[in-house]
Amino acid sequence: MGEISGKSFMPESLPGYSSDIGGQIGMLWELIKAPLIVPLLTICVYICLAMSIMVFMERLYMGVVIVLVKLFWKKPEKRYKWEPMKDDLEEGSSAFPMVLVQIPMFNEKEVYKISIGAASNLSWPADRLVIQVLDDSTDFLIKDMIEKECLRWASKGVNIRYQIRESRGGYKAGALKEGLKHDYVKQCDYVVIFDADFRPEPDFLRRSVPFLIHNPDIALVQARWRFVNSNECLLTRMQEMSLDYHFTVEQEVGSATHAFFGFNGTGGIWRIAAINEAGGWNDRTTVEDMDLAVRAGLKGWKFLYLGDLQVYSELPSTFKAFRFQQHRWSCGPANLFRKMMMGIATNKKVTLYKKFYVIYSFFFVRKIIAHFFTFFFYCVVLPLSILVPEVYVPKWGAIYLPCIITALNSVGTPRSFHLLFYWVLFENVMSFHRTKAALIGLFEAKRVNEWVVTEKLGDKLNNKGKKSGLSKISLRKLLGDRVQVHELGFAVFLFVCGCYDFLYGKNNYFIYLFLQVITFTIVGFGYVGTIVPTS
């Protein structure tokens, strides 16, 4: 039997046939491009354009509403009943309701004093306030430090309780749920939650509690986050831009139009009766705060966002911590959407309009489509369309709509307007991680319940010694922590597409592609955020 060579599978009679490997690959590409690649890529372009329109309409809707809210809506103090808390010499502190402050912690060495001190300094009668430090730390030295800090404040007359449990079951949700089971909590009407890096102003309770006292249908009052380290590095500035839009627009619009929005997990005060009616804390996803908010909203409870009630906190300044946080924030909502979509659709206590808002706007567009559109269109489909010029991408979808969406996103942080273009490039990089996390949540893949506590640095960088300790880090560990292979892979792919567009293209997309390559490369080699030396 004669030997069979690779040439046997490629008929020599075909025009353009070449015996070399490169020629055969090129010939195979031409054979499958017209019947397979072009139609498939065209469908992907149409899908991405549809997602683009959905995101654009959502941003435009919220932009119009926020303008109307700022111009014509009454302030919360006039929309709802509100009276300032007054100290009555005759009644004493009995006019003040009992409030529980919960501070969940996990190995918070750098910041544990911040929230405990801020909570202990809240302007509220000492006998009407209970501070509960829920310590899940696994480091015994840190546990001892936190307990001593609680004892220090207790010696000053603060009613503070240090609580630990046998296991970290349920993570934060489990700790908060366990904390509400103690007998002394039964006398409390409201519970306010602060993460370890949050530092409320002394008047936090006096400004928020009256809304709950005088409006029995309100379950939650959410404050706005501000950030003590937003100027630390470019990574924190990018986060500030995203989160400012979330609070300035998304939370404000949800509060004004539907009295519903996602609880941010901290910096908010709940009516304990509403928590109980909604079924309490649930650890089935990594977004226990959003889970509780949706269940309480479906019970008919109202939420109020106070944009002028601000609580300062810390942004993750290392890329590793930020990446883990974004995984949790993207995977959790997608997984919760999978678990609750039918329950929301069949709920009979809320209006059809509100159900549509929660399913379509709150979950589908903001938590899923926004990630998919950004990643697939700008990092996959648009670059591939350059390699296949037969596929047409309209300018309105590739340039005009995205520019308008970006401009609408910039309203939250006017001081960072000059960073807007780089913010877009960075968000495109992060869309890879968010899309992957959302898919994990939708399909309940391996990392669906991964919970990594966001690292807080506090004053660690300011207090570090002169010796950096970098010499003790092995090359393998340094590369493992710093180098991101996926980002570098996308940088190579986009570089190839950019070079092809530079040589043969007509739309000058290579300008964007090369800038995106630079951003992927910077992130890929770990030169983003704060680099924390190991001592």
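Up top is the structure these notes are about.
The paragraphs below set out a description of the structure included in this document. (Residues numbered from 1 in each chain as written. Predicted model: local features only at pLDDT ≥ 70, side-chain atom pairs only at ≥ 80, totals over all residues. Heavy atoms only, no water.)

Helix and strand counts for the protein come out as 17 helices and seven strands. In summary, the protein has a C-alpha radius of gyration of 27 Å against a globular reference of 24 Å for 535 residues, a match within 12%. Along the first, second and third principal axes, the C-alpha set of the protein runs to 105 × 60 × 50 Å. Within the protein, the fraction of its 535 residues that count as buried is 54%. (Helix = DSSP H or I, 4+ residues; strand = E, 2+ residues; numbered from the N terminus. Rg over C-alpha atoms; globule rule 2.2 N^0.38 Å. Buried < 20%, exposed > 50% of the residue type's maximum accessible area, 1.4 Å probe, protein only.)

A few words on a nonpolar patch on the surface. Nonpolar side chains collect at one region of the surface, where I53, M57, L60, V64, V67, L68, L71, F72, W73, W396, I399 and Y400 lie side by side and expose about 1100 Å² of accessible area between them. Per element, the largest residue contribution to the nonpolar patch is eight residues, and it comes from helix α1 (residues 21-72). Here M57 shows up in helix α1. (Patch = residues over 30% accessible without salt bridge, like charges linked within 9 Å, V, L, I, M, F, W, Y side chains within 5 Å. Areas by Shrake-Rupley, 256 points an atom, 1.4 Å probe, with all protein chains shown as cover. Salt bridge = Lys/Arg side-chain N within 4 Å of Asp/Glu carboxyl O.)

To continue, consider the sheet that holds strand β4 (residues 190-193). Reading across the sheet, the seven strands line up as β3-β2-β1-β4-β6-β5-β7 and stay open at both edges, with mixed pairing between neighbours. Bordering the open sheet on either side are β3 (160-163) and β7 (302-313), each of which pairs with just one other strand. Direction aside, neighbouring strands of the sheet carry axes that sit 20° apart on average. Looking at chain direction, strand β2 (residues 129-135) and β3 are connected through four bridges and run parallel. Paired with V133 across the bridge in β3 is Y162. (Pairing = 2+ DSSP bridges. Axes fitted to C-alpha atoms, helices over the stretch in contact; angles between N-to-C directions.)

Moving on: the packing of helix α3 (residues 112-120) against helix α4 (residues 140-154). Their axes nearest at 11 Å, the elements α3 and α4 cross at an angle of 20°. Classified by the angle between their axes, α3 and α4 sit roughly parallel to one another. In this structure, α3 crosses over α4, and the sense of that crossing is right-handed. Residues Y112, K113, I116, G117 and S120 of α3 touch α4, and the partners they reach there are M145, I146, E149, C150 and W153. Counted by class, the contact of α3 with α4 contains six nonpolar, two polar and two charged residues. (Parallel < 35°, antiparallel > 145°, perpendicular 65-115°, else oblique. Left-handed = near helix turned anticlockwise from the far one by under 90°. Contact = heavy atoms within 4.5 Å. Nonpolar A, V, L, I, M, F, W, Y, C, P; charged D, E, K, R; others polar.)

Here the focus is the pattern of salt bridges. Think of it this way: side chains of opposite charge can pair up when their charged atoms draw near. Across all of its chains, the model carries 21 salt bridges by this definition. A salt bridge links D291 to R284, with the nearest nitrogen and oxygen atoms 2.8 Å apart. Using a relative accessible area of 0% as the deciding quantity, one classes D291 as buried. For R434, the salt bridge goes to E427, with nearest N and O atoms at 2.8 Å. The pair formed by R434 and E427 is uniform in burial state, with each residue classed as buried. What emerges from the salt-bridge pattern is a single network uniting E30, K33 and E390.

Soluble globular proteins tend to pack their nonpolar side chains together in the buried interior. Core analysis: the biggest nonpolar cluster contains 147 residues, and I116, L205, W270 and F303 have the highest contact counts within it. At 17 residues, helix α11 (residues 352-387) tops the list of elements feeding residues into this core. If near-sequence neighbours (up to four positions away) are discounted, F303 is found in contact with A219, L220, S255, A259, F260, F261, W270, A293, A296 and G297. Core analysis: the next-biggest nonpolar cluster, separate from the first, contains eight residues, M62, V69, Y245 and V253 among them. (Core = buried A, V, L, I, M, F, W, Y, C linked by side-chain atoms within 4.5 Å.)

What is shown is where atoms sit, not what they do.
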